[in-house]
Amino acid sequence: MTDSAGTLEAAPPDNRDSMLTKLAELRTEQEKAVAGGGPKYTERHRKRGKLLARERIELLIDEDSPFLELSPLAAYGTSYPVGGSVVTGIGVIEGVECMLIASDPTVKGGSINPSGMKKGLRAAEIAEQNRLPLINLVESGGADLPTQKDIFIPGGKTFRNLTRSSAARVPTIALVFGSSTAGGAYLPGMSDYVVMVAERAKVFLGGPPLVKMATGEEADDEELGGAEMHARTSGLADYLAVDEQDAIRLGRRIVARLNWRKHGPSPRSDYAEPVLDGEELLDIVPSDLKVPFDPRDVIRRIVDGSEFDEFKPLYGSSLVTGWAQLHGYPIGILANAQGVLFSSESQKAAQFIQLANQIDTPLLFLHNTTGYMVGRDYERGGIIKHGSMMINAVSNSTVPHLSVLMGASYGAGHYGMCGRAYDPRFLFAWPSAKSAVMGPAQLAGVLSIVARAAAAARGAEYSEENDAAMRAMVEGQIEAESMPMFLSGMLYDDGIIDPRDTRTVLGLCLSVVHNAPVRGTDAFGVFRM
Ligand code: COA
């Protein structure tokens, strides 16, 4: 709760403590992703005189410019290393925002496992939706062979996406630093521009052993797919780099010559920083998500000048809606206040989303909802049709949507607030977020009631002891599966962020979405009134 001066009234200290503990856990996992294949493979890679994936990225982007890394915790909770053997993110090269996809050759030779494949496809989707030139930094053993069944068929999209991007007049570039074998050979094959590093890049459909097996022919690496051969003979390489640094320099020159123009409007340059202290964003979310918090405390710490013009403040007050500016870009904000969405909140949301579309203004959804209200009176009052109206509006809205999960994001509330399946351009979570079909205790309780009724219908006895054990087990499972790191591991968000970075991350995202035209719609289909 904020007083009239905007300062936070004494927030319980355990809010901050709990957030800092979660941030420390997050950092431990992020460090695993940075460590890639671990010291043994990192050292071997260095001894070969090669740069690591993150070092290649750092040299490629403009000096001192930020890199918005995406899905760093991909594969968390799976048997694959955290990070998914690939680094993806958005960086600025010669002033142009580009999507970068860099294989990490220290993890199983940079081969693509199922998590890495999903992460690469998500990066390509972001590039397509926001018109970002796509740069692959390639050094990969292709498909992770033991898991080929999970990647071979869906992974084909990787190559289709490249040519579709090109057809949409969004350039694609491959910088080949090492192996790019079999399916991987189509990364350069399908890209608009290809750079290969002499004596390092090896691009072939089949390496020497496979060729020997297939045709009996004896040929070495260089003859089959060396950079020199591709630059002089096959024509697959457009540029021959003398070393990795030279490949990066050539990559930057290619981007400099793209004559790139953003299609969305420019931001205002005279914007003010928030008046309220962003450090206090650590204090706002209660350690117990059942305790509500005021999202205005968040909004006024992330928007320009801390200025927020609330729309319909007296109606449907469990959902805050209003207009603001962030890093010079106008935005409309929808933020949950008391957690539950009622009919009036849903109607207010649908109207607000229409208004934003009418004036071509991007929308930001700040989640802390337990879903739509249930109960006799609410059903009779039409909660289903009003919730549907909000979900209709969010589904058909064509202005860019950004979502941040601050706290709870449960049930259809996750959908109405533009959850992952509703295609927000970006979705980030705070370490305090939780997402599931419903809360763990409620879910276990529902299962218990259903099981009890089923036993009664069969005339069987119901064991209270088994019921208690089942509830405890289910609650534990759902709690673990609702946690942001688990959901991030499954690629259900684009990353977990420190609340204090929210303004910066959203500012970068708003700049990115303005590469594409920002245009609203008035075609929402039939609203059930
Ligand atoms: N699938 C699964 N594991 C793979 C792999 C793949 N495609 N490519 C490499 N690995 C594993 C290796 O078995 C090795 O594992 P280990 O250290 O636990 O024994 C680890 O990754 C490192 O491989 P290594 O060969 O030592 O690395 P390298 O840097 O010397 O060579 C490659 C890298 C990619 C050139 C080489 O591993 C290779 O040719 N791989 C097969 C490529 C291929 O034919 N892919 C077909 C895909 S359709």
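The structure presented is a predicted model; accordingly, all values stated were derived computationally and were not measured. (Residues numbered from 1 in each chain as written. Predicted model: local features only at pLDDT ≥ 70, side-chain atom pairs only at ≥ 80, totals over all residues. Heavy atoms only, no water.)

## Observations concerning the site of the ligand
Here's step 1: Inspection of the region around the ligand gives 14 residues, with Y41, R44, R48, G141 and A143 positioned closest.
Here's step 2: Note that an oxygen atom of the ligand is positioned 2.8 Å from one of the side-chain N or O atoms of R44.
Here's step 3: A distance of 2.7 Å separates an oxygen atom of the ligand from a polar side-chain atom of R48.
Here's step 4: For the shell around the ligand, the elements supplying multiple residues, two or more each, are α2 (39-47) and β5 (172-181).
Here's step 5: The residue inventory of the shell around the ligand, partitioned by class, reads five nonpolar, five polar and four charged. (Near = heavy atom within 4 Å. Polar contact = N/O pair within 3.5 Å; in protein donor to acceptor, adjacent residues only side chain to side chain. Helix = DSSP H or I, 4+ residues; strand = E, 2+ residues; numbered from the N terminus. Nonpolar A, V, L, I, M, F, W, Y, C, P; charged D, E, K, R; others polar.)

## A word on the pairing of β5
Here's step 1: With respect to burial, β5 is a largely interior element, nine of its ten residues being buried.
Here's step 2: Across three bridges, β5 lies against strand β7 (residues 202-204) in parallel orientation. Its bridge partner being in β7, S179 is matched across the sheet by K202. (Buried < 20%, exposed > 50% of the residue type's maximum accessible area, 1.4 Å probe, protein only. Pairing = 2+ DSSP bridges.)

## Some remarks on helix α16 (residues 383-396)
Here's step 1: Relative to the 20 Å expected for 14 residues at 1.5 Å per residue, α16 spans 20 Å between its end C-alpha atoms, a close match to the ideal helical length.
Here's step 2: For α16, every residue scored as buried is listed here: I383, H386, G387, M389, M390, I391, N392, A393 and V394. (Expected span 1.5 Å × (residues − 1).)

## Looking at the nonpolar core
Here's step 1: The biggest cluster of nonpolar side chains holds 65 residues, and the ones touching the most others in it are M99, I333 and F426.
Here's step 2: Residue-level mapping places this core at the junction of two domains, with at least three residues from each of domain 1 (1-16 + 266-437 + 483-529) and domain 2 (36-256).
Here's step 3: Those residues in contact with I333 that sit more than four places away from it in its chain are I299, V303, F308, V320, T321, G322, A324, F352, L364 and L366. (Core = buried A, V, L, I, M, F, W, Y, C linked by side-chain atoms within 4.5 Å. Domains from an automatic or database assignment. Contact = heavy atoms within 4.5 Å.)

## Side note on the domain arrangement of the chain
Here's step 1: Domain assignment breaks the chain into domain 1 (1-16 + 266-437 + 483-529), domain 2 (36-256) and domain 3 (440-481).
Here's step 2: Its C-alpha centre places domain 1 at a distance of 34 Å from the equivalent point of domain 3.
Here's step 3: Each partner contributes residues to the interface: domain 1 has eight residues there, and domain 3 has six residues.
Here's step 4: Approximately 480 Å² of surface area, both sides summed, lies buried where domain 1 meets domain 3, with 55% of it carried by carbon and sulfur atoms.
Here's step 5: Along the contact surface separating domain 1 from domain 3 lie one salt bridge.
Here's step 6: Residue E479 is joined to K434 by a salt bridge in which the shortest nitrogen-to-oxygen separation is 2.8 Å.
Here's step 7: When contributions to the side of domain 1 that touches domain 3 are tallied by element, the ones reaching two or more residues are β17 (434-436) and α20 (484-489).
Here's step 8: With three residues, the top contributor of residues to the side of domain 1 that touches domain 3 is β17. (Buried area = accessible area lost by both parts, 1.4 Å probe. Salt bridge = Lys/Arg side-chain N within 4 Å of Asp/Glu carboxyl O.)

## Here we look at unusual backbone geometry
Here's step 1: The backbone phi angle of K108 is positive, close to 45°, even though this residue is not glycine.
Here's step 2: With respect to the helices and strands, the residue K108 is situated in the loop between β3 (96-103) and α4 (114-130).
Here's step 3: Positive phi is not limited to glycine here, since C418 has a value of about 65°.
Here's step 4: Within the element layout of this structure, C418 appears in the loop between α17 (411-416) and β16 (426-429).

## Comments concerning the packing of helix α14 (residues 343-358) against α16
Here's step 1: Where α14 meets α16, the closest approach of the two axes is 8 Å, and the angle between their N-to-C directions is 25°. In terms of axis orientation, α14 runs roughly parallel to α16. When you trace α14 past α16, the crossing you get is left-handed. Contact residues: S343, S346, Q347, A349, A350 and I353 in α14; I383, H386, G387, M389, M390, A393 and V394 in α16.
Here's step 2: The residue inventory of the contact of α14 with α16, partitioned by class, reads eight nonpolar, five polar and no charged. (Axes fitted to C-alpha atoms, helices over the stretch in contact; angles between N-to-C directions. Parallel < 35°, antiparallel > 145°, perpendicular 65-115°, else oblique. Left-handed = near helix turned anticlockwise from the far one by under 90°.)

## Considering the packing of aromatic side chains
Here's step 1: Counted according to the given criterion, the structure contains seven aromatic pairs.
Here's step 2: Ring geometry for F311 versus F352: centroids 5.7 Å apart, planes at 35°, classification tilted. One end of the pair, F311, is in strand β9 (residues 309-311); the other, F352, is in helix α14, with 41 residues separating them in the sequence.
Here's step 3: Looking at F311, the relative accessible area reads 18%, which means it is buried.
Here's step 4: When its relative accessible area of 0% is taken as the criterion, F352 is described as buried.
Here's step 5: The cationic tip of R56 hangs over the ring face of F177; the distance from NZ or CZ to the ring centre is 4.3 Å.
Here's step 6: Here K312 stacks its cationic end above the ring of Y315, 5.1 Å away from the centre of that ring. (Phe/Tyr/Trp six-rings, centres within 6.5 Å; stacked < 30°, edge-to-face > 60°. Lys NZ or Arg CZ within 6 Å of the ring centre and 35° of its normal.)

## Comments concerning the pairing of strand β15 (residues 401-410)
Here's step 1: Burial runs high along β15: ten of the ten residues are buried.
Here's step 2: Across four bridges, β15 lies against β16 in parallel orientation. Each residue of the ladder has a partner; that of L402, found in β16, is F426.
Here's step 3: A crossover connection joins β15 to the parallel β16 through α17; in handedness this β-α-β unit is right-handed.
Here's step 4: Bridging between β15 and β17 involves three bridges; their strand directions are parallel. Residue pairing across strands places A408 opposite K434, the latter belonging to β17. (Right-handed = clockwise from strand over helix to strand, strands pointing away.)

## A closer look at a negative patch on the surface
Here's step 1: A cluster of acidic residues, E217, D220, D221 and E223, forms a negative patch at the surface.
Here's step 2: Overall, E217 belongs to the partly exposed group, its relative accessible area being 45%. (Patch = residues over 30% accessible without salt bridge, like charges linked within 9 Å, V, L, I, M, F, W, Y side chains within 5 Å. Areas by Shrake-Rupley, 256 points an atom, 1.4 Å probe, with all protein chains shown as cover. Lys, Arg positive; Asp, Glu negative; His and termini not counted. Charge placed at Lys NZ, Arg CZ, Asp CG, Glu CD.)

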